[in-house]
Amino acid sequence: MNLKATPSSDDLARACADAMWSEDNASKGLGMEIAEIKPGQAIMTMTVKPHMVNGQRIAHGGFIFTLADSAFAFACNSHNERTVAAQGDITFIRPGKLGDVLVATAREISRSGRSGIYDVSVTVDGVVIAEFRGHSRTIGGAWLPAADNSIKQK
C-alpha cells in the first residue's frame, strides 16, 4: 500500500491486520484464518482439530475463547492504534465438535478515548455456539510505519 496517499478505512483496517498477522504466531499456530477485516470488524475461522477436544469429546472452551479473542483483537486493532484486551468473557451456548469450522464474527459496539467494547459471536454452520464480550484499551503506537494523521482513519 502507498502510505503517502490517504488509504480508505477498509484499506487501513486490512493493512493493520496484515501487520498484526505477521507477528501473531498464536493464531496462525492454531490454524486460524482471517476471513474478513473492516474498521471495527473481523471475521476469523478455525477448524476444531483432534488436539482441541476435551475429555467430553467436544471442543475445549479455551480454544473457542481463543478464537473469539483473536477476532476481537483484529477488530479493535483495525484503526491503526495498538490495542490490547483489558477484559473478556464468554458464554458457551452449544458445544463445538471435532471437525467443525468455527466462525468468530467480531464487531465494535463502542469506542471512546482509549476504551472500546466489542461483541463476538462464534458460530458453526450459522448456529451460535458462544457469545464473547471484550473490553479493549489502546496502549499507544501504531501498526503502520507512517503513523501520522494522514494514516489514521479518514
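One can find the structure itself at the top, above this paragraph.
Here goes a summary of the coordinates provided. (Residues numbered from 1 in each chain as written. Predicted model: local features only at pLDDT ≥ 70, side-chain atom pairs only at ≥ 80, totals over all residues. Heavy atoms only, no water.)

## Topic: helix α1 (residues 9-21)
(1) Moving on: Taking 1.5 Å per residue as the helical rise, α1 with its 13 residues ought to reach 18 Å, and the 18 Å between its terminal C-alpha atoms agrees with that figure.
(2) Moving on: Restricting attention to buried positions, one finds in α1 the residues S9, L12, A13, A15, C16, A17 and M20.
(3) Moving on: On its buried side, α1 packs onto β1 (33-38) and α3 (61-76). (Helix = DSSP H or I, 4+ residues; strand = E, 2+ residues; numbered from the N terminus. Expected span 1.5 Å × (residues − 1). Buried < 20%, exposed > 50% of the residue type's maximum accessible area, 1.4 Å probe, protein only. Contact = heavy atoms within 4.5 Å.)

## With respect to the pairing of strand β6 (residues 127-138)
(1) Moving on: Sheet topology places strand β3 (residues 83-92) next to β6; 9 bridges connect them, and they run antiparallel. Its bridge partner lying in β6, D89 is registered against R133.
(2) Moving on: For strand β5 (residues 115-124) and β6, the ladder comprises 10 bridges, and the chain directions are antiparallel. Counterpart to S115 in the pairing with β6 is R137.
(3) Moving on: The antiparallel pairing of β5 with β6 creates a hairpin that spans 2 residues between the two strands, and D125 there sits at a positive phi of about 50 degrees. (Pairing = 2+ DSSP bridges.)

## Side note on the environment of C16
(1) Moving on: Considering the arrangement of structural elements, one finds C16 in helix α1.
(2) Moving on: Taking C-alpha positions, C16 is 12 Å from A42, a pair spaced 26 residues apart along the chain.
(3) Moving on: Here C16 is in contact with N77, S78, N80, W143 and L144, once residues within four sequence places are set aside.

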